[in-house]
Amino acid sequence: MSNIYTLRAFFCGQWSSAVRLDGKTVIITGANTGIGKETAHDLAKRGARIIIACRDMQKAEAAQKEIIEESGNQNIIIRKLDLSDTKSIREFAEGINKEEKQLNVLINNAGIMMCPYSKTADGFEMQFGVNHLGHFLLTFLLIGLLKRSAPSRVIILSSMAHAWGSIQLDDINSERRYHSRRAYGQSKLANILCVRSLAKRLKDTGVTVYAVHPGIVRTELKRHMNLGLLIMWKIVRPFTKTAVQGAQTSIYCAVEPELGTESGAYYSNCGIGSCTRAARDDEMAEKLWELSCKMLGITWE
Ligand SMILES: NC(=O)C1=CN([C@@H]2O[C@H](COP(=O)(O)OP(=O)(O)OC[C@H]3O[C@@H](n4cnc5c(N)ncnc54)[C@H](OP(=O)(O)O)[C@@H]3O)[C@@H](O)[C@H]2O)C=CC1
Ligand SMILES: CC1=C(/C=C/C(C)=C/C=C/C(C)=C/C=O)C(C)(C)CCC1
């Protein structure tokens, strides 16, 4: 079944729109490279104030310089954010809440795939910790600002790889058994379930939420891929997307006016995408929400 979703992901969509974002503020996590950098680049050309949230300030500076030079937009800010450490997430959000008057688009883009087993500073399995829990906490800490800036949007990068895993409520940190591809799948499934729960909670607030599969994209993400998948990657490489193509669905969800009233769905190729049944399981979405709050020690009804 999961291969059907994999194959769908190869059909490439292109999107173009002249929508401007002058006077709007956008935060993009992991925007120093890959899909995030191309998303930042495009939104910068539309006039937005862009906050690049990265763990490596040297890489962030290089991306900032490149985006300013190529877009002509001077309003490109860099801020330190390490999603594998809740202290860093809290410090980042505190700075944003203090300095920024508004936040119109939050793009939870940063991600890590199929790394060897490791844990975040707070003891969470790395892929679940960074890809889901880190962004969950970040969104929680910025939700007040997003609501005050409504209409505003939250975009969460998921993947067709959500079909590779399931939510292991009794071993969420893969302590008993770790399989790097399944753990990545679990984190990306968590991203879609989180979008569904978040959309419900944000109903009538003017904050809308979108899950995105960007396509199979030639970026640094594959750095930890095992040999088997790397061979597959070589075979399918001619059909993969460039980072610019991979950024299109994130850009579409950030700016398309028609999406302003839609919330909670999964997008790919600049339109509604197909996700697995597990990704539409609202009962599991609620259980995951509760568990995420408990793990992070937060109360978010
Ligand atoms: N490429 C693909 O085929 C697909 C990608 N996606 C998703 O798209 C998103 C972007 O991926 P892509 O551009 O391909 O990947 P890249 O590896 O090129 O970029 C990932 C970004 O995330 C950052 N990052 C990783 N860990 C952390 C952390 N602990 N704190 C802060 N930032 C972190 C990286 O920082 P640094 O440079 O410092 O490592 C980098 O900026 C991810 O969420 C990924 O899961 C989904 C489907 C397919
Ligand atoms: C084409 C194809 C495959 C290759 C898939 C690849 C290479 C996926 C990469 C996904 C990424 C990078 C997801 C990120 O979130 C399979 C499943 C082996 C078998 C079915 C046909």
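Below: a short report on this structure. (Residues numbered from 1 in each chain as written. Chains lettered and ligands numbered in written order. Predicted model: local features only at pLDDT ≥ 70, side-chain atom pairs only at ≥ 80, totals over all residues. Heavy atoms only, no water.)

**A few points about the site of ligand 1**
Around ligand 1, the surrounding shell holds 29 residues, and the nearest of these are N32, R55, Y184, V217 and T219. In this structure, L83 approaches ligand 1 through a main-chain N or O atom, which is 2.9 Å from a nitrogen atom. Counting only elements with at least two residues in the shell around ligand 1, the list comes to α2 (34-45) and α6 (180-201). (Near = heavy atom within 4 Å. Polar contact = N/O pair within 3.5 Å; in protein donor to acceptor, adjacent residues only side chain to side chain. Helix = DSSP H or I, 4+ residues; strand = E, 2+ residues; numbered from the N terminus.)

**Looking at the packing of α6 against helix α10 (residues 282-296)**
Direction vectors running N to C along α6 and α10 enclose 90°, while the axes themselves pass 9 Å from each other. Accordingly, the angle class assigned to the pair α6 and α10 is roughly perpendicular. Where α6 approaches α10, its residues A190, L193, C194, R196, S197, L198, K200 and R201 are matched on the opposing element by D282, M284, A285, E286, L288 and W289. (Axes fitted to C-alpha atoms, helices over the stretch in contact; angles between N-to-C directions. Parallel < 35°, antiparallel > 145°, perpendicular 65-115°, else oblique. Contact = heavy atoms within 4.5 Å.)

**Observations regarding the pairing of strand β6 (residues 207-213)**
With 7 of 7 residues buried, β6 is to be regarded as a mostly interior element. Burial along β6 is two-sided: the face carrying V207, V209, A211 and H213 and the face carrying T208, Y210 and V212 are both buried. Relative to β6, strand β5 (residues 152-157) runs parallel, the two being bridged by 6 bridges. Paired with I156 across the bridge in β6 is A211. Note on the crossover from β5 through α6 to β6: the handedness is right-handed. (Buried < 20%, exposed > 50% of the residue type's maximum accessible area, 1.4 Å probe, protein only. Pairing = 2+ DSSP bridges. Right-handed = clockwise from strand over helix to strand, strands pointing away.)

**So, the nonpolar core**
Soluble globular proteins tend to bury their nonpolar side chains together. Ranked by size, the top nonpolar core spans 67 residues in total, and within it I27, L106, F136, L142, L146, I167 and W300 carry the most contacts. Those elements that place two or more of their residues in this core are β2 (49-54), α4 (86-99), α5 (126-148), β5, α6, β6, α7 (227-236) and α10. Examining the composition of this core, we find that 12 residues originate from one element, α5, more than from any other. With residues near it in sequence (within four places) discarded, W300 still touches F136, T139, F140, I143, L198, R201, W289 and C293. In terms of nonpolar packing, the next biggest core, distinct from the first, is built from 34 residues, W15, V105, A254 and Y267 among them. (Core = buried A, V, L, I, M, F, W, Y, C linked by side-chain atoms within 4.5 Å.)

**A word on the packing of aromatic side chains**
A complete count under the given rule lists 8 aromatic pairs for this structure. Considering the side-chain rings of F136 and W289, the 4.9 Å spacing of their centres and the 75° angle between planes classify their relative orientation as edge-to-face. Remark: W289 occurs in helix α10 and F136 occurs in helix α5; sequence separation between them is 153 residues. Each member of the pair, F136 as well as W289, is classed as buried. (Phe/Tyr/Trp six-rings, centres within 6.5 Å; stacked < 30°, edge-to-face > 60°.)

**Quick look at the environment of K80**
Topologically, K80 is positioned in strand β3 (residues 76-80). A residue is classified by how much of its surface remains accessible, and K80, at 44% relative accessible area, is partly exposed. Separated by 30 residues in sequence, K80 and I50 have C-alpha atoms that sit 14 Å apart. Ignoring sequence-local partners within four residues, the contact set of K80 consists of C54, R55, M57 and F92. In terms of polar contacts, K80 uses its side chain to reach the backbone carbonyl oxygen of R55, at 2.7 Å.

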